[in-house]
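Here is what each chain is made of, one letter per residue.
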Amino acid sequence: LQAYCTMYMKNFPRDIIKMFYQHAISEVSHDLMALSDLTNLGVNQESVLASKPLAQTVALNGFPIFLMNFDNPLGYLGYLFHLELLPTKNGRQYIDSLRKMGIPKSSITFLEEHATVDAGHVKMMEKYIDRLIETKDDLDAVIYAVEGTAELHSQMIQAAFLNGERIHD
């Protein structure tokens, strides 16, 4: 998504596009980190790989694509801001709670990574916003996307818990 967004940037801001790609590269293989955490918790890796994502997950991931194609592409910044800021603000609390529940450190590498590395990504977000937001419409698109992403993210998490309960019933 990060690389895809660069196709829609006005005036081809090479410095920001370069940062976007560097940022995107740092996210590569995070899905495998999450899969490893799940495997360490006893989840069958093959069943995860063979499964389809929940509809709420597809909706969350499809939201910024819709924004880029049919609304203001800078709405992507709102999506990204929500996902990058959340672990820097709440990640340590979630990690501490999971550790107190007995979840081993080897099963929270995804959360650990995002609670620490995303602080640098938030600094990048400040540069993206300073450089790319030019109008009130641009800012409104970012705010709309933050709010929409937060709602969809919440729905995805709720659906994941419900799905997990169904699997273990």
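The structure displayed is predicted, hence computed values, not measured ones. (Residues numbered from 1 in each chain as written. Predicted model: local features only at pLDDT ≥ 70, side-chain atom pairs only at ≥ 80, totals over all residues. Heavy atoms only, no water.)

Asker: Residues and numbers for the nonpolar core, please.
Answerer: Within the largest apolar cluster, 24 residues are counted, with the highest numbers of intra-cluster contacts made by Met9, Ile16, Phe20, Tyr76, Leu77, Tyr128 and Leu132. Excluding anything up to four places from it in sequence, Tyr76 contacts Leu1, Gln2, Cys5, Phe20, Pro64 and Met68. (Core = buried A, V, L, I, M, F, W, Y, C linked by side-chain atoms within 4.5 Å. Buried < 20%, exposed > 50% of the residue type's maximum accessible area, 1.4 Å probe, protein only. Contact = heavy atoms within 4.5 Å.)

Asker: How would you sum up the packing of helix 2 (residues 14-27) against helix 6 (residues 75-100)? Please name residues and give values.
Answerer: One can describe the packing of helix 2 onto helix 6 by two numbers: an axis separation of 14 Å at closest approach and a directional angle of 40°. In terms of axis orientation, helix 2 runs oblique to helix 6. Here the hand of the crossing between helix 2 and helix 6 comes out left-handed. Touching Phe20, His23 and Glu27 of helix 2 are Tyr76, Leu77, Leu80 and Glu84, all from helix 6. The residue makeup of the contact of helix 2 with helix 6, split by class, is four nonpolar, one polar and two charged. (Axes fitted to C-alpha atoms, helices over the stretch in contact; angles between N-to-C directions. Helix = DSSP H or I, 4+ residues; strand = E, 2+ residues; numbered from the N terminus. Parallel < 35°, antiparallel > 145°, perpendicular 65-115°, else oblique. Left-handed = near helix turned anticlockwise from the far one by under 90°. Nonpolar A, V, L, I, M, F, W, Y, C, P; charged D, E, K, R; others polar.)

Asker: So, the side chain of His114: which residues are in play, and what are the values?
Answerer: Considering the arrangement of structural elements, one finds His114 in helix 7 (residues 109-132). With relative accessibility at 9%, the residue His114 sits in the buried group. Side-chain polar atoms of His114 contact the side chain of His30, separated by 2.9 Å. If we ignore the near neighbours within four places in the chain, the residues touching His114 are Glu27, His30, Pro87 and Thr88. (Polar contact = N/O pair within 3.5 Å; in protein donor to acceptor, adjacent residues only side chain to side chain.)

Asker: Describe helix 2, naming the residues involved and giving the relevant values.
Answerer: The first and last C-alpha atoms of helix 2 sit 20 Å apart over 14 residues, in line with the 20 Å expected at 1.5 Å per residue. Listed in full, the buried residues belonging to helix 2 are Ile16, Ile17, Met19, Phe20, His23 and Ala24. Buried positions in helix 2, seen along its axis, are confined to an arc of 160° and lie on one side of it. Exposed residues lying more than 90 degrees from the buried face of helix 2 are Arg14, Lys18 and Ile25. Looking at the buried side of helix 2, the elements it contacts are helix 1 (2-5), helix 6 and helix 7. A positive phi of about 75° marks Ser29, the residue just after helix 2. (Expected span 1.5 Å × (residues − 1). Arc of directions from axis to C-beta.)

Asker: So, the side chain of Glu84: which residues are in play, and what are the values?
Answerer: Along the polypeptide, Glu84 turns up in helix 6. One buried charged side chain, Glu84, makes no salt bridge at all; its nearest oppositely charged neighbour is Lys89, positioned 13 Å away. Reaching out from Glu84, the side chain makes a polar contact with the side chain of His23 at a distance of 2.7 Å. In this view, Glu84 contacts His23, Glu27, Asp118, His121 and Val122; residues no more than four positions away in its chain are not counted. (Lys, Arg positive; Asp, Glu negative; His and termini not counted. Salt bridge = Lys/Arg side-chain N within 4 Å of Asp/Glu carboxyl O.)

Asker: Which residues make up the packing of aromatic side chains, and what values go with them?
Answerer: The full count for this structure, using the stated rule, is six aromatic pairs. Ring geometry for Tyr4 and Tyr8: centres 5.4 Å apart, planes at 65°, overall edge-to-face. On the accessibility criterion, Tyr4 (28% relative accessible area) is partly exposed. Given a relative accessible area of 28%, Tyr8 falls into the partly exposed group. (Phe/Tyr/Trp six-rings, centres within 6.5 Å; stacked < 30°, edge-to-face > 60°.)

Asker: Give me the lowdown on the pattern of salt bridges, citing residues and values where you can.
Answerer: Inspection of the entire model under this criterion finds five salt bridges. Its salt-bridge partner being Glu134, residue Lys10 comes within 3.6 Å of it at the nearest N-O pair. One end of the pair, Lys10, is in the loop between helix 1 and helix 2; the other, Glu134, is in the loop between helix 7 and helix 8 (136-168), with 124 residues separating them in the sequence. Overall, the relative accessible area of 47% leaves Lys10 in the partly exposed class. Residue Arg131 is joined to Asp15 by a salt bridge in which the shortest nitrogen-to-oxygen separation is 2.8 Å. With Arg131 in helix 7 and Asp15 in helix 2, this residue pair connects regions lying 116 residues apart in the sequence. Given a relative accessible area of 39%, Arg131 falls into the partly exposed group. Judged by its relative accessible area of 41%, Asp15 falls in the partly exposed class. Taken together, the salt bridges that share partners define one network made up of Lys10, Glu134 and Asp138.

No statement about biological role is implied by the geometric values presented.
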